[in-house]
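What follows is the residue order along each chain.
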Amino acid sequence: MLTIPDYRLRLPGPTAVPERVRQATALPVLNHRGAEFKAMLAECQQRLKPIFGTRHDVLLFAGSGTAMMEAAVANVVSPGDAVLIVVAGQFGDRFVSIAKALGATVDTIDVEWGGALDAQRVAERLKSRSYRAVVMVHNESSTGVAYDIAAVGAVVRDTPALLIVDSVSGLAGIEMKMDAWGADIVVSASQKSLMCAPGLGFAAVSAKAWKVIDRDGRVPSFFADFRRAKASLEKDGTPFTPPVTLVYGLLEALHMIDEEGLANVLRRHSRLAAALRAGVQALGVELYNQPDISSSTVVAMKVPRGLEGGAIVQRLRERYRTVIAGARHPSQTGKVFRIGTMGAVSETDIITDLRHLEATLKDLGKPAPTQHAGVRAALDALAASA
Ligand code: PLP
């Protein structure tokens, strides 16, 4: 019988899957075109819309977040079209690679990693050239920054350009108001704040984007053609065999979100991330990003001087069974480590993270200024925001 190591999964995705969701995914596979499964897909649709902040359809695909990033670009950008991509971290950088692979002409707005974006920079660039799309990441998991989509939406909305947003690590953990903010395609995935196993991707699409997708019958993708997915969704189906059991898990997770209340879920993320940030800073660890734009779903930290990022991650895993993330992008190697505060996270998780991080830093020769400083600071932050 298969066994897996017993450790605390504290990555910025995939995140720990709650027992209820895991049990749901263990149920028997149904006919994916039968009435029972269609009812589940329809219910997922109704429960996902408020999380995206949209009245439009939310298309569902088998695939990871990157598949959805690619699908978003492929459905609206033809080879040679100009796109403007905000690059503020690893996932903005990935959008550049995707758009280039699809033959787009790519311009970038380069933001200092961990720093803020002035939406006026987007406005200026839109005056200088006609773009098919402005492309950006809502929540840069590599730097711990949540970007202001509303501010960018306000400058893109009245231009012919579409606004494509990756909210893979934001959705359901930080607010998304796609329609009100003027985002045209928002993509996400199951394994982050949605508390499911990896494997499901989502794309919500505005009326403005549908006009482009429908323009001339040209979507250079068969599997990820949004038109095909929409046509099936209208009959509560998917064009191809979906990961049936993952949909059970999604539905259970959406029930959990609705039971807690979306506003409460978002508040919990914000409160816990703030407590973790307070705790790590009290341990003498600096945030990687500009603090006032910190994400509520991931805390990114600078590796303390004299230490190696990989050593912190390794020690936490081997000695304390706490699995966090280091750097993924070559430019950040050894400089950043990250803890997820997304999904089914509780106060206990944050306090345990800080106990283990304090012990790890001590093991590596960087003891806390005072014993339990991190836990104390986090408890104070939690009390202040209770
Ligand atoms: N976008 C963001 C912001 C992410 O954090 C991730 C994954 O960490 C992705 C895209 C890519 O998702 P996946 O690994 O599911 O392809």
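Residues numbered from 1 in each chain as written. Predicted model: local features only at pLDDT ≥ 70, side-chain atom pairs only at ≥ 80, totals over all residues. Heavy atoms only, no water.

(A) The sheet that holds strand β8 (residues 162-166), seen in detail. In space, the 7 strands of this open sheet follow the order β2-β10-β9-β8-β5-β3-β4, with mixed pairing throughout. The two strands at the open ends of the sheet, each matched to only one other strand, are β2 (58-62) and β4 (105-110). Strand-to-strand twist in this sheet, taken as the mean axis angle between neighbours without regard to direction, amounts to 20°. In this sheet, strand β10 (residues 200-205) lies alongside β2 in antiparallel orientation, the contact comprising 5 bridges. Bridged to A62 within β10 is L200. Across the sheet, helix α9 (residues 226-233) is in contact with β2, β9 (185-189) and β10; its angle to β2 comes to roughly 110°. (Pairing = 2+ DSSP bridges. Helix = DSSP H or I, 4+ residues; strand = E, 2+ residues; numbered from the N terminus. Axes fitted to C-alpha atoms, helices over the stretch in contact; angles between N-to-C directions. Contact = heavy atoms within 4.5 Å.)

(B) Highlighting the packing of aromatic side chains. For the structure shown, the criterion picks out 5 aromatic pairs. Here the aromatic rings of F222 and F240 are separated by 5.8 Å at their centres, their planes lie at 35°, and the arrangement is tilted. Here F222, found in the loop between α8 (207-213) and α9, pairs with F240, found in the loop between α9 and α10 (244-260); they are 18 residues apart in sequence, far enough to count as distant. For F240, a relative accessible area of 26% translates into the label partly exposed. Judged by centre distance (5.3 Å) and plane angle (20°), the rings of F223 and F240 are stacked. (Phe/Tyr/Trp six-rings, centres within 6.5 Å; stacked < 30°, edge-to-face > 60°. Buried < 20%, exposed > 50% of the residue type's maximum accessible area, 1.4 Å probe, protein only.)

(C) Up close: the side chain of H329. Locating H329 in the fold gives a position in the loop between β12 (322-323) and β13 (336-340). A polar side-chain atom of H329 sits 2.9 Å from a polar atom in the side chain of D93. When near neighbours in sequence (up to four residues on either side) are disregarded, H329 contacts Q90, D93 and W113. (Polar contact = N/O pair within 3.5 Å; in protein donor to acceptor, adjacent residues only side chain to side chain.)

(D) Focus on the pattern of salt bridges. Summed over the entire model, instances satisfying the criterion amount to 23 salt bridges. For the salt bridge of E19 with R22, the shortest nitrogen-to-oxygen distance reads 2.6 Å. Here E19 pairs with R22, and both are found in helix α1 (residues 19-25), just 3 residues apart, close to one helical turn. Residue E19 is classed as partly exposed on the basis of its relative accessible area, which comes to 43%. (Salt bridge = Lys/Arg side-chain N within 4 Å of Asp/Glu carboxyl O.)

(E) Molecular detail of the packing of helix α11 (residues 262-282) against helix α14 (residues 373-384). Relative orientation of the contacting elements α11 and α14 amounts to 145°, with a least axis distance of 7 Å. Relative to α14, the crossing made by α11 is right-handed. For the pair α11 and α14, the contacting residues are R271, L272, A275, A278, G279 and A282 in the first and A373, G374, A377, A378, A381 and L382 in the second. Of the residues contributing to the contact of α11 with α14, the split by class is 9 nonpolar, 2 polar and 1 charged. (Left-handed = near helix turned anticlockwise from the far one by under 90°. Nonpolar A, V, L, I, M, F, W, Y, C, P; charged D, E, K, R; others polar.)

(F) Broad picture of the site of the ligand. The environment of the ligand is made up of 14 residues, and the closest members are S64, T66, S141, D166 and K192. Contact distances for the ligand include 2.8 Å between an oxygen atom and a backbone N or O atom of G65. The separation between a nitrogen atom of the ligand and a polar side-chain atom of D166 is 2.5 Å. Calculation on the ligand without its partners gives an accessible area of 390 Å², and the protein chains cover 85% of this total. Using a 2 Å cut-off from the grid points, one finds that the ligand occupies the second largest pocket. Secondary-structure elements contributing two or more residues to the shell around the ligand are α3 (65-76) and α4 (90-101). Here the element with the most residues in the shell around the ligand is α3; it accounts for 3 residues. Here the residues of the shell around the ligand are counted per class, giving 4 nonpolar, 7 polar and 3 charged. (Near = heavy atom within 4 Å. Areas by Shrake-Rupley, 256 points an atom, 1.4 Å probe, with all protein chains shown as cover. 1 Å grid on protein atoms, 1.4 Å probe; cavity = no way out; pocket = protein on both sides within 12 Å on 5 of 7 lines; lining within 4 Å. Sits in = over half its atoms within 2 Å of the grid points.)

(G) Representation of the domain arrangement of the protein chain. Domain boundaries in the protein chain define domain 1 (19-258) and domain 2 (262-384). Computed over C-alpha atoms only, the centres of domain 1 and domain 2 are separated by 28 Å. Between domain 1 and domain 2, the contact holds 25 residues from the first and 23 residues from the second. Interface area for domain 1 against domain 2, summed over the two sides, is near 1900 Å², with a carbon-plus-sulfur share of 60%. (Domains from an automatic or database assignment. Buried area = accessible area lost by both parts, 1.4 Å probe.)

(H) View of the environment of A344. Residue position: A344 is located in the loop between β13 and α13 (347-363). The sequence separation of A344 and A253 amounts to 91 residues, and the corresponding C-alpha distance is 9.6 Å. Beyond its immediate chain neighbours, meaning those up to four positions away, A344 contacts A16, P18, M195, R268 and D349.

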